Amino acid sequence: MTTTAALVRELLRHFLRVGGYGGPEPRIYLRADQEFARAARRHGLETAAHRDFAVTLFGGKMRPRTYVNTSRHTTLAELLDTCAHEAAHMVADVHRHTARFNAIQRALLAGKMP
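Let us look at the structure shown here. (Residues numbered from 1 in each chain as written. Predicted model: local features only at pLDDT ≥ 70, side-chain atom pairs only at ≥ 80, totals over all residues. Heavy atoms only, no water.)

Another aspect to go through is unusual backbone geometry. Unlike most non-glycine residues, Asp 93 shows phi in positive territory, near 55 degrees. Within the secondary structure layout, Asp 93 lies in the loop between α3 (76-92) and α4 (99-109). When its relative accessible area of 58% is taken as the criterion, Asp 93 is described as exposed. (Helix = DSSP H or I, 4+ residues; strand = E, 2+ residues; numbered from the N terminus. Buried < 20%, exposed > 50% of the residue type's maximum accessible area, 1.4 Å probe, protein only.)

Listed below in structure tokens is the structure:
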């Protein structure tokens, strides 16, 4: 496992733990630009809608999958924000970016239980 993969996995675990998430741990895939776009299209997603940073697929009986585009993250702050964002989707159990979702993401970044 690369250092980046280990960091992303631990950041997601941290934010899920802080958020009180009790579901299955997501599978994490690190991808560069072209691979990320292919993976998103394979699941019927428009990558522009996700700003090409990351996407988490979950719901039903499927174990959550988080794809992180490694080409788009140039700072640790961006990676922290992305991991909190993807964890917030699972904690809130919503795909949409609602006011509740945004509040959960901010709480996770602050290290607080939403």
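Moving on from the coordinates now.
Attention now goes to the pattern of salt bridges. Tallied over the entire structure, the rule returns two salt bridges. Taking the shortest distance from any N to any O, the salt bridge between Arg 13 and Glu 10 comes out at 2.7 Å. Taken together, the positions of Arg 13 and Glu 10, both in helix α1 (residues 3-18) and three residues apart, correspond to about one turn of that helix. Its relative accessible area of 41% is what places Glu 10 among the partly exposed residues. A salt bridge links Arg 13 to Glu 25, with the shortest nitrogen-to-oxygen separation between them at 3.0 Å. (Salt bridge = Lys/Arg side-chain N within 4 Å of Asp/Glu carboxyl O.)

A separate point is the packing of aromatic side chains. Here the distance between the centres and the angle between the planes together describe a pair of aromatic rings. Applying the stated criterion to the full structure yields one aromatic pair. Arranged with centres 4.9 Å apart and planes meeting at 20 degrees, the rings of Tyr 29 and Tyr 67 form a pair that is stacked. Here the residue Tyr 29 occupies a position in strand β1 (residues 27-31), and Tyr 67 occupies one in strand β3 (residues 62-69), the gap between them amounting to 38 residues. Tyr 29 sits in the partly exposed class, given a relative accessible area of 24%. (Phe/Tyr/Trp six-rings, centres within 6.5 Å; stacked < 30°, edge-to-face > 60°.)

This part is about α4. Among all positions of α4, only Phe 101, Ile 104, Gln 105, Ala 107 and Leu 108 are buried. Angularly, the buried residues of α4 cover 165 degrees about the axis, an arc narrow enough to put them on a single face. Exposed side of α4, more than 90 degrees from the buried face: Ala 99 and Arg 106 are the residues found there. As for α4, its buried residues are in contact with α1 and α3. Remark: Gly 111 follows α4 within two positions and exhibits a positive phi of approximately 75 degrees. (Arc of directions from axis to C-beta. Contact = heavy atoms within 4.5 Å.)

Strand order in the open sheet made by the three strands is β1-β3-β2, with mixed pairing throughout. Since the sheet does not close on itself, it has two edges, and those belong to β1 and β2 (54-59), each with one partner. Across the sheet, the axes of successive neighbouring strands diverge by a mean angle of 15 degrees, strand direction being ignored. Here β1 pairs with β3 via five bridges, running parallel. Looking across to β3, one finds that Tyr 29 is bridged to Tyr 67. (Pairing = 2+ DSSP bridges. Axes fitted to C-alpha atoms, helices over the stretch in contact; angles between N-to-C directions.)

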